[in-house]
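One-letter residues, chain by chain:
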Amino acid sequence: MFSLENLIRPNVLKLSPYSSARDEFTGEASIWLDANENPYGTLNRYPDPYQTELKQLISEQKEIKEDRIFIGNGSDEVIDLLFRVFTQPVLDKALTFSPTYGMYKVSAEINDVELIEMPLDENFQINIDATIPYLDDPQLKLIFICSPNNPTGNLISSEKIESVLGRFNGIVAIDEAYIDFANSTSWKSKLDEYPNLIVLQTFSKARGLAAARLGIAYSNPEIISFLNKVKPPYNVSLLNQQAGIESMRNEAEIAAQIETIKFERARLVMELQEIEQVQCIYPSDANFILIEIEHANDVYLSLIRIGIIVRNRSKIIPNTLRISIGTEKENNKLLEELKKLNS
Ligand SMILES: *Cc1c(COP(=O)(O)O)cnc(C)c1O
């Protein structure tokens, strides 16, 4: 049986959150003397702790109620908050499917929570039979599924995700950082079906706001209220909120960029197939592609020498480079260099 109360770290369950000046009074006023701010300037006031305007825009455009939205200082903050809300240091465990995004492990270690790393199978899919025995462990509180997965680029099969969601009585966080580049709908449409589901998204990839630091968690209102209780009161600055609001008003421009990136992704895949040293191009539903290439370490270093930086993932998957999709010009420069390998 799923019981949210049993999953919450006991001190968090009891916690009375800090009540900020902006919490205690939120109406209209002409003179603000409640938060020890400097009365002069343009960034002198504390920001809205609940990012109301940004959430309203997300709510309208993504057709989800505001009380199901949490905004963090990047998804990385949300990942850390999930550990702090749902796991007890030393006692509890979390689980990921590797290879995957590195922050789950870092956050687990910071929180002193054991992380079980289940290897993905040869198609980078979840091995359900191997996973099932772990799902009954009462100390396992949190599972991260990254789909499309970083660094492999593939979507995780929905049947496999459903079987984890349905069998597991802890929290399942599906990280959809790359969902805008995939031909797939978001798991947030399943929030009513699964009370243990949290969907993570970010403004850092498709929305082009990596510098601003804006991450989203979608879940049911109870889970959202615990995240709100634990977060620092002003976790999202006014500048970040404004950047997010502007982005939500520029939907058409972002949609066009996504189309261009997807077009470039397809072109890059085609051209890479012509390069002899490229052994494998893994199918991608993200804005990067993972390739297996002969002498990956040497290729990596020779690209650096001319100022092109890709991600060397050879330590995780032998002889692989992860290449983000750049502009047409950047991609051409990369291809030009890789083609020189042939000669
Ligand atoms: C890039 C990325 C993020 C984004 O994190 P932010 O803190 O929002 O920038 C989250 N999850 C995955 C899997 C990523 O690759």
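In this text, all values refer to a predicted model and were calculated from it rather than measured experimentally.

*Asks:* Tell me what's going on with the sheet that holds strand β10 (residues 311-312), and back it up with residues and numbers.
*Replies:* Pairing in this open sheet of four strands is antiparallel, and the strands run β8-β9-β11-β10 from one edge to the other. At either margin of the open sheet sits one strand with a lone partner, and together these are β8 (278-281) and β10. As paired strands, β8 and strand β9 (residues 288-293) are joined by three bridges and run antiparallel to one another. For Cys280, the partnering residue across the bridge sits in β9 and is Glu292. Set on the sheet, helix α11 (residues 251-272) makes contact with β8, β9 and β11 (320-324); between it and β9 the angle comes to about 10°. Each of β9, β10 and β11 is contacted by helix α12 (residues 296-305), which is oriented at about 35° to β11, the strand it contacts most.

*Asks:* Account for the nonpolar core, naming residues and giving values.
*Replies:* Ile58, Ile143 and Ile145 are the most contacted members of the largest nonpolar core, which totals 42 residues. Built from parts of two domains, this core gets at least three residues from each of domain 1 (4-17 + 51-249) and domain 2 (252-342). Aside from chain neighbours lying at most four places away, what touches Ile58 is Glu63, Ile64, Ile69, Ile71, Phe203, Ile216, Tyr218 and Met248. Of all hydrophobic cores here, the second largest spans 30 residues; its members include Leu7, Val78, Ala94 and Ile223.

*Asks:* Summarise the site of the ligand; cite the residues concerned and give the values.
*Replies:* Around the ligand, 14 residues are found, and the nearest of them are Tyr178, Thr202, Ser204, Lys205 and Arg213. A distance of 3.0 Å is found between an oxygen atom of the ligand and a backbone nitrogen or oxygen belonging to Asp76. Burial of the ligand by the protein amounts to 94% of the accessible area it has alone, namely 390 Å². The residue inventory of the shell around the ligand, partitioned by class, reads five nonpolar, five polar and four charged.

Conventions adopted
Residues numbered from 1 in each chain as written. Predicted model: local features only at pLDDT ≥ 70, side-chain atom pairs only at ≥ 80, totals over all residues. Heavy atoms only, no water. Pairing = 2+ DSSP bridges. Helix = DSSP H or I, 4+ residues; strand = E, 2+ residues; numbered from the N terminus. Contact = heavy atoms within 4.5 Å. Axes fitted to C-alpha atoms, helices over the stretch in contact; angles between N-to-C directions. Core = buried A, V, L, I, M, F, W, Y, C linked by side-chain atoms within 4.5 Å. Buried < 20%, exposed > 50% of the residue type's maximum accessible area, 1.4 Å probe, protein only. Domains from an automatic or database assignment. Near = heavy atom within 4 Å. Polar contact = N/O pair within 3.5 Å; in protein donor to acceptor, adjacent residues only side chain to side chain. Areas by Shrake-Rupley, 256 points an atom, 1.4 Å probe, with all protein chains shown as cover. Nonpolar A, V, L, I, M, F, W, Y, C, P; charged D, E, K, R; others polar.

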